Amino acid sequence: MTKSLWLQGELIEVAIADLSDTGDGVGRFEERVVFVPDTVPGDRVLVRLIHVKPKYAHGKVHQLLEPSPHRIRPGCIVADKCGGCQWQHIDYEYQLIAKRHQVIQALQRIGGFAEPPVDPVLVTSSSLGYRNKATYPLDISATGQVQAGYYQKGSHHLVNLNQCPVQDPRLNPLLAEIKPDIQQRGWTIYDEKRHQGQIRHLGLRIGRRTGEVLLTLVVKDWNLPGIEQQAEEWLQRYPQLVGVSLNRNPERTNAIFGRETRCIAGVPYLKEVFAGLEFQVRPDTFFQVFTETAEALLQVIQSELNLQGHETLVDAYCGIGTLTLPLTKQVHQAIGLELQPEAVQQAICNAQHNGINNVEFQVGAVEKLLPNMGIIPDVVLLDPPRKGCDRIVIESLLASKPARIVYVSCKVATLARDLKLLCEDGSYTIQRVQPADFFPQTSHVEAAAFLVLSQLHKDI
């Protein structure tokens, strides 16, 4: 049967059968794939084609003909417009099924593992109100009002928010009330097209366990008249607010934070309790946005490793020591490797603050530090950025042969790629993979893979 010509703007009927790793519904029409956002497996939809290629197309829902049993009413009134969440229209139990399936598919298709041992997705508390950090771009409305929110899906049109159901609800008053203060001060809002204006983003961060809050304005330059007085007013108004900072980002870039942060009033960090330790977390520090699930995943790692106290552990890409420091209680020695000097300074400070003295932190690229350590660690913990591990890191592990590797990943495609390299000659075996839901209401899933050195390679 000859396939018909697809035309942009054409209406077609599609049954949604799957979800892509970017969160869109996936269906087929005349044996070709159609990606449709805002749909759920089980939906039957009339789709208008908006981007057509020879083998696939992207479309948008023109009419919902038959809803999926997994489709629900979103908990947010702007969920159909705001680009902050993708899956509020999908019931949470099915979100978890889809995320586990996403991990399995990546390991099968990219990693070549026929039957990967993937556990059910790890969850903790509510799927709403979990984010301990939110950074909102700012804009000016048609009537001249300062707005803060998220961009509409696929656009640079800002959806103004006064509350957000996925962020910690204790941050909502600040989201609503800081905007009029900016308006009254007459501070200009950054225009990315013209590269003019002062304030680019409003950043809010909270210690889930302590309730301490940081407020950060990302600015084009430091010249913000009256900021010192306004910062003091904010500290007086919000008892939970412990620090107000400016972060300078003068570049034409999509990156939110620049390299320099200055504390204007209060202190430059909040305190958070994580795994029984007290951490200092700064405005631009990397710290998992779902504190409870991060702690639960750490507990899985501790249980799976069953450390006996004599081991040497290397934590590559260690950040501020979020995972390193709790694990020091169970090992003889821990070594953290981290590219960012500021993160290492915070890690050292956090170790000293908690009285931990069996850990050291090294500054540098993991691909340069790991091959030259001069020791064979018993356990290597990998927690790389989304791009995964540099090939040199994988080769170094295959050469040094640590007994166990724990690979914590924020992108399952690169996890699958790297696990294939570690396991393809039989050097390592995957014991289990534990997905974790760090970002409910989105398609994003994290996972920890536990690898053991094979007996054959131990003897080589």
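Reading the values: rules and limits
Residues numbered from 1 in each chain as written. Predicted model: local features only at pLDDT ≥ 70, side-chain atom pairs only at ≥ 80, totals over all residues. Heavy atoms only, no water. Helix = DSSP H or I, 4+ residues; strand = E, 2+ residues; numbered from the N terminus. Expected span 1.5 Å × (residues − 1). Buried < 20%, exposed > 50% of the residue type's maximum accessible area, 1.4 Å probe, protein only. Contact = heavy atoms within 4.5 Å. UniProt positions renumbered as here; feature names shortened; annotations may be inferred. 1 Å grid on protein atoms, 1.4 Å probe; cavity = no way out; pocket = protein on both sides within 12 Å on 5 of 7 lines; lining within 4 Å. Points joined across faces, edges and corners; volume = space filled by probe spheres on them. Nonpolar A, V, L, I, M, F, W, Y, C, P; charged D, E, K, R; others polar. Core = buried A, V, L, I, M, F, W, Y, C linked by side-chain atoms within 4.5 Å. Phe/Tyr/Trp six-rings, centres within 6.5 Å; stacked < 30°, edge-to-face > 60°. Lys NZ or Arg CZ within 6 Å of the ring centre and 35° of its normal. Pairing = 2+ DSSP bridges. Axes fitted to C-alpha atoms, helices over the stretch in contact; angles between N-to-C directions. Salt bridge = Lys/Arg side-chain N within 4 Å of Asp/Glu carboxyl O. Polar contact = N/O pair within 3.5 Å; in protein donor to acceptor, adjacent residues only side chain to side chain.

Novice: Explain helix α4 (residues 291-305) residue by residue, including any values.
Specialist: Counted at 1.5 Å a residue, the expected span for α4 with its 15 residues is 21 Å, and the 21 Å between its end C-alpha atoms agrees. Of all the 15 residues making up α4, 11 are buried; the element is thus mostly covered by neighbouring parts of the structure. Here the buried face of α4 lies against β13 (270-274), α5 (324-327), β18 (379-382), β19 (404-409), β20 (428-436) and β21 (446-453). Phi turns positive, to about 50 degrees, at asparagine 306, one or two residues after α4.

Novice: Explain the UniProt feature "binding site: S-adenosyl-L-methionine" (unreviewed entry) in the protein chain to me, and be specific about the residues and the numbers.
Specialist: With numbering matched to this structure, UniProt assigns "binding site: S-adenosyl-L-methionine" (unreviewed entry) to Gln288, Tyr317, Glu338 and Asp383. Here tyrosine 317 is to be found in the loop between β15 (312-316) and α5. Residues in contact with tyrosine 317, not counting those within four places in the same chain, are Leu337, Glu338, Val366, Leu382, Asp383, Pro384, Pro385, Cys389, Asp390 and Val393. In this structure, aspartate 383 sits in the loop between β18 and α8 (391-400). Using a relative accessible area of 19% as the deciding quantity, one classes aspartate 383 as buried. With sequence-adjacent residues up to four places away left out, aspartate 383 is seen in contact with Ala316, Tyr317, Leu323 and Val408.

Novice: Break down the UniProt feature "active site" (unreviewed entry) in the protein chain for me, citing the residues and quoting the values.
Specialist: The sites that carry the UniProt feature "active site" (unreviewed entry) are, in the present numbering, Cys410. Inspection of the secondary structure assignment puts cysteine 410 in the loop between β19 and α9 (412-423). Residue class for cysteine 410 comes out buried when judged on its relative accessible area of 15%.

Novice: Give a description of empty space enclosed by the protein that names residues and reports values.
Specialist: All chains considered together, the criterion is met by four cavities of 30 Å³ or more. Volume-wise, the largest cavity comes out at about 60 Å³. Tallied by class, residues from the lining of the largest cavity come to nine nonpolar, one polar and no charged.

Novice: Residue-level account of the nonpolar core, with values.
Specialist: Inside soluble globular proteins, nonpolar side chains tend to come together where they are buried. Ile182, Ile199, Leu215, Leu217, Trp234 and Leu241 are the most contacted members of the largest nonpolar core, which has 85 residues in total. Sort the elements by how many residues they give to this core and α4 lands first, with seven residues. When residues no more than four places from it in sequence are discounted, the contact partners of tryptophan 234 are Ile178, Asp181, Trp187, Leu215, Leu217, Ile227, Leu241 and Val244.

Novice: A description of the packing of aromatic side chains should follow, citing residues and the corresponding values.
Specialist: Scanning all chains against the criterion turns up seven aromatic pairs. Their ring planes at 50 degrees and their centres at 6.1 Å tell us that tryptophan 6 and phenylalanine 29 sit as a pair that is tilted. Here tryptophan 6, found in the segment before β1 (11-19), pairs with phenylalanine 29, found in strand β2 (residues 25-29); they are 23 residues apart in sequence, far enough to count as distant. The class for tryptophan 6 is buried, based on a relative accessible area of 6%. Taken together, a centroid distance of 6.4 Å and an interplanar angle of 55 degrees make the contact between phenylalanine 279 and phenylalanine 287 tilted. Of the two residues, phenylalanine 279 and phenylalanine 287, neither departs from the other in class, the shared state being buried. Among the aromatic residues, ring-to-ring pairing joins Phe274, Phe279 and Phe287 into one connected group. Arginine 262 extends its terminal NZ or CZ atom over the ring of tryptophan 222, reaching a point 3.9 Å from the ring centre.

Novice: How would you sum up the sheet that holds strand β6 (residues 133-140)? Please name residues and give values.
Specialist: The sheet built from seven strands is open, its strands ordered β8-β7-β6-β9-β10-β11-β12 with mixed pairing. Two strands in the sheet have a free side with no partner beyond their single neighbour: β8 (158-160) and β12 (260-266). Shown here is a sheet whose adjacent strand axes are inclined to one another by a mean of 35 degrees, direction ignored. On top of the sheet, helix α2 (residues 172-185) reaches β6, β7 (146-151), β8, β9 (199-206), β10 (213-219) and β11 (241-248); it is set at about 135 degrees to β7, its chief contact. Lying over the sheet, helix α3 (residues 227-237) contacts β10, β11 and β12, oriented at roughly 150 degrees with respect to β11.

Novice: Explain the pattern of salt bridges to me, using residue names and the numbers behind them.
Specialist: All chains considered together, the criterion is met by 18 salt bridges. One salt bridge in this structure joins arginine 237 and aspartate 181, with 2.8 Å as the shortest N-O distance. You can see arginine 237 sitting in helix α3 and its partner aspartate 181 sitting in helix α2, a full 56 residues away along the chain. On the basis of relative accessibility, which here comes to 36%, the residue arginine 237 falls in the partly exposed class. Using a relative accessible area of 8% as the deciding quantity, one classes aspartate 181 as buried. A salt bridge links arginine 248 to glutamate 260; the nearest nitrogen and oxygen atoms lie 2.6 Å apart. Here arginine 248 is found in strand β11, whereas its partner glutamate 260 is found in strand β12, with 12 residues between them in sequence. The exposure class of arginine 248 is partly exposed, given its relative accessible area of 24%. By relative accessible area, which is 35% here, glutamate 260 ends up partly exposed.

Novice: Can you break down the environment of aspartate 119 residue by residue, with the values?
Specialist: Considering the arrangement of structural elements, one finds aspartate 119 in the loop between α1 (92-109) and β6. Along the backbone, aspartate 119 and alanine 436 are 317 residues apart, and their C-alpha atoms lie at a distance of 9.6 Å. When residues no more than four places from it in sequence are discounted, the contact partners of aspartate 119 are Arg100, Arg432, Val433, Gln434 and Pro435. Reaching out from aspartate 119, the side chain makes a polar contact with the side chain of arginine 432 at a distance of 2.7 Å.

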